[in-house]
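Examining the three-dimensional arrangement
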Amino acid sequence: MASAFISVLKPNNLMALAEENFSPNFTVKNPIVISTWSHGIAANEGAWVILDNAGKSIDAVEAGVKVTEIDITNRSVGIGGRPDRDGHVTLDACIMDENSRCGAVGCIEGILHPISVARAVMDRTQHVMLVGEGARSFAIREGFETAKTPLKEVKKDWKEWKKEHKDEFKKPTINNENHDTIGMLAMDEFGNISGSCTTSGWAYKLHGRIGDSPIIGAGLFVDNEVGGACATGLGEAIIRIAGSHTVVELMRQGHHPQAACKMAVERIIAKHDDVTGLQCGFLAMNTKGQVGAYSVYNGFNYALRTKDRNAI
Ligand code: ASP
């Protein structure tokens, strides 16, 4: 069992918002959009353009995270992301709407907007998930924009990293600086909830590795009767407890989003003998517009946008 004290650590930056929203009477008038980390502020703006114009949550969560994907200074999402240990920038993304329709791409290379390809898998195929070369050829066939990766600066960093981390090729360790997947949840003015999630994943991972982020139920889950949840952090640990699905099911049992996220984090902690360096966080929203978040260690935050609030 992991030491119990870890579970009382709180994600510092987000607790003010989360605790305020914890009040059983706190209900946000929709639309509302929330997303992980401080890059969520710009992403929420992208989503807000849709939500504020009576748009649908599924369009908002796609447009929102595209803002992050196109930001080539972002080293954990999109084509500016860090490569795997062989130098390939492989991207993961998924999307889910209010009717439980979903789409995903895993380990896709050289495509500007993995989230839109995930949406196309959902809208234009009978499948839920495409990976690797198959996902890339589908994207090209469907007319999605390509990009050359890794970017010059990213390649330079990777070469440095390779020199300094020869042993990493035997046993990869998590890069704690790179837990910055964007996960987004939005409720539109019709009360419908959708979510999206996109990442370049664990920096310098083994080639072919897919984390939680493109896996429906792990990195993202939405049930319009209950709410939605998304995850960030060490994907392997999140997958082990089907993290986002667990949070939604806990909300279905009546738990507030904040309590549900905390319980999921506690479950992860309980399943690991050693949580050193194991950072994971969940973000959730229920049908009342109540939100919550929780992570193993301090440092996780999220951005929230409503008609009268735009905060981190
Ligand atoms: N969850 C992502 C992954 O494991 C990375 C992260 O959010 O840090 O690929």
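Notes on the structure follow. (Residues numbered from 1 in each chain as written. Predicted model: local features only at pLDDT ≥ 70, side-chain atom pairs only at ≥ 80, totals over all residues. Heavy atoms only, no water.)

1. Remarks on the pairing of strand 2 (residues 90-96)
- Along strand 2, seven of the seven residues are buried, which leaves the element largely enclosed by surrounding structure.
- Alternating residues of strand 2 divide into Thr-90, Asp-92, Cys-94 and Met-96 and Leu-91, Ala-93 and Ile-95, and every residue in both groups is buried.
- As paired strands, strand 2 and strand 3 (residues 102-109) are joined by six bridges and run antiparallel to one another. Each residue of the ladder has a partner; that of Ile-95, found in strand 3, is Gly-103.
- Counting the residues that bridge the hairpin from strand 2 to strand 3 gives five residues, and of these Ser-100 lies at a positive phi of roughly 65°.
- The sheet contact formed by strand 2 and strand 6 (residues 193-199) spans five bridges and is antiparallel. The residue of strand 6 that forms the bridge with Met-96 is Gly-195. (Buried < 20%, exposed > 50% of the residue type's maximum accessible area, 1.4 Å probe, protein only. Helix = DSSP H or I, 4+ residues; strand = E, 2+ residues; numbered from the N terminus. Pairing = 2+ DSSP bridges.)

2. Section: the packing of helix 8 (residues 243-252) against helix 9 (residues 257-271)
- Running from N to C, helix 8 and helix 9 point in directions that differ by 135°, and their axes come no closer than 8 Å. Between helix 8 and helix 9, the angle is such that the two are oblique. Regarding helix 8 and helix 9, the two cross each other, and that crossing is right-handed. Across the interface between the two elements, Thr-246, Val-247, Leu-250 and Met-251 from helix 8 touch Pro-257, Ala-260, Cys-261, Met-263, Ala-264 and Arg-267 from helix 9. (Axes fitted to C-alpha atoms, helices over the stretch in contact; angles between N-to-C directions. Parallel < 35°, antiparallel > 145°, perpendicular 65-115°, else oblique. Left-handed = near helix turned anticlockwise from the far one by under 90°. Contact = heavy atoms within 4.5 Å.)

3. So, a positive patch on the surface
- A cluster of like positive charges, contributed by Lys-148, Lys-155, Lys-159 and Lys-162, occupies part of the molecular surface.
- Along the chain, Lys-155 falls in helix 6 (residues 152-164).
- Overall, the relative accessible area of 37% leaves Lys-155 in the partly exposed class. (Patch = residues over 30% accessible without salt bridge, like charges linked within 9 Å, V, L, I, M, F, W, Y side chains within 5 Å. Areas by Shrake-Rupley, 256 points an atom, 1.4 Å probe, with all protein chains shown as cover. Salt bridge = Lys/Arg side-chain N within 4 Å of Asp/Glu carboxyl O. Lys, Arg positive; Asp, Glu negative; His and termini not counted. Charge placed at Lys NZ, Arg CZ, Asp CG, Glu CD.)

4. Quick word on the environment of Val-131
- Take Val-131: it is sitting in strand 4 (residues 129-131).
- In sequence terms Val-131 and Gly-106 are 25 residues apart; their C-alpha atoms lie 4.5 Å from each other.
- Among residues more than four places away in sequence, those in contact with Val-131 are Gly-106 and Ile-210.

5. Considering the sheet that holds strand 10 (residues 291-295)
- Taken in spatial order, the four strands line up as 7-8-9-10 in an open sheet, and their pairing is antiparallel. This sheet does not close on itself; its edge strands, each paired only once, are strand 7 (220-223) and strand 10. Pairwise comparison of adjacent strand axes, ignoring direction, gives a mean angle of 10° for this sheet.
- In this sheet, strand 8 (residues 227-233) lies alongside strand 7 in antiparallel orientation, the contact comprising four bridges.

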